[in-house]
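Notes for the structure review
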Amino acid sequence: MSYNTMNLDTEIIEATEGMHSQLQSSIIENINSLNHDSHIAHTDNTDANIHHHHGTADIDDEAEIDDLTDSSSIITDTEAENEALKEARRQWEESLVQLNQVINWVILPLLGKFLGRKVARWTWKWVAGRLYQ
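Re the confidence of the model for the chain
The pLDDT averaged across the chain works out to 75; a share of 54% of its residues lies at or above 70. Below a pLDDT of 50 lies the segment residues 51-57, which in the model reaches 6 contacts outside its immediate sequence neighbourhood of four places, other chains included.

Next up, the structure:
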């Protein structure tokens, strides 16, 4: 009897861990694709601005081109993206810890209580049926 309950508990834990790892990999893929897409969009916008202004001979336009291609602004953008990625990963890890705590401290005990009562009720019905018939 307890063997079936242990199997059920093990199956529930394995299913929860599987869903947890799938969710984690899905979110990481989404974050990576968003970072890649925003980097491509930023590069495309910079290239478009350079090509748009390159045909004119105004001094102000040349200054804009120099500002757009300044390596310090590119490094700053990259550092900002890296910081945003680090912050997103930190928040993700914090969310995983919280999810793990909710599962371990709330869901599993409630599930165990529910299943324990069902098994006890079924066992008592079986024993009472054998003893009092």
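Some words on a nonpolar patch on the surface
There is a patch of nonpolar side chains on the surface, built from Val102, Trp105, Val106, Ile107 and Leu110 and spanning about 540 Å² of accessible area. Tracing the backbone through its elements, the reader meets Trp105 in helix H3 (residues 71-131).

Examining the pattern of salt bridges
A side chain of one charge can pair with a side chain of the opposite charge if their charged atoms are brought near each other. Going through the model one piece at a time under the given rule, you end up with 2 salt bridges. The shortest N-O distance in the salt bridge between Arg90 and Glu87 comes to 2.6 Å. Within this pair, Arg90 and its partner Glu87 are both found in helix H3, separated by 3 residues, close to a single helical turn. Arg90 sits in the partly exposed class, given a relative accessible area of 42%. With its nearest N and O atoms 3.0 Å apart, the salt bridge here joins Glu94 to Arg90. With Glu94 and Arg90 both in helix H3, this residue pair falls 4 residues apart, about one helical turn. A relative accessible area of 39% means that Glu94 is categorised as partly exposed. Through salt bridges with shared partners, a single network forms among Glu87, Arg90 and Glu94.

Some thoughts on a positive patch on the surface
On the surface, Lys113, Arg117, Lys118, Arg121 and Lys125 cluster together into a positively charged patch. Relative to the elements of secondary structure, Lys125 occurs in helix H3. The class of Lys125 is exposed, set by a relative accessible area of 59%.

Thresholds, definitions, all that
For every chain, the first residue of the written sequence is number 1, and numbering continues from 1 onward in sequence order. This being a predicted model, a pLDDT of at least 70 is required before a residue's local features are given, and a value of 80 or more before pairs of side-chain atoms are given or counted; all residues contribute to the totals for chains, interfaces and linings. Values reported for side chains reflect all heavy atoms of the structure, with hydrogen atoms and water molecules removed beforehand. Summary of the metric used: pLDDT quantifies the predictor's per-residue confidence within the range 0 to 100. In this description, contact between two residues means that some pair of their heavy atoms is separated by no more than 4.5 Å. Each patch groups residues whose relative accessible area exceeds 30% and which form no salt bridge, using 9 Å between like charges and 5 Å between nonpolar side chains of Val, Leu, Ile, Met, Phe, Trp and Tyr. In short, Shrake-Rupley with a 1.4 Å probe defines the accessible areas, and a residue's cover is counted only from the protein chains shown. The term salt bridge refers to a pairing of a side-chain nitrogen on Lys or Arg with a carboxyl oxygen on Asp or Glu at a separation within 4 Å. A run of H or I in DSSP counts as a helix once it spans at least four residues, and a run of E counts as a strand once it spans at least two, with each numbered from the N terminus. The buried label applies to any residue whose accessible area, calculated with a 1.4 Å probe on protein chains only, is under 20% of its type's maximum; exposed applies above 50%, and partly exposed to all values in between. This count recognises Lys and Arg as positive and Asp and Glu as negative, with His and chain-terminal groups excluded. Positions of charges follow a simple convention, taking NZ of Lys, CZ of Arg, CG of Asp or CD of Glu.

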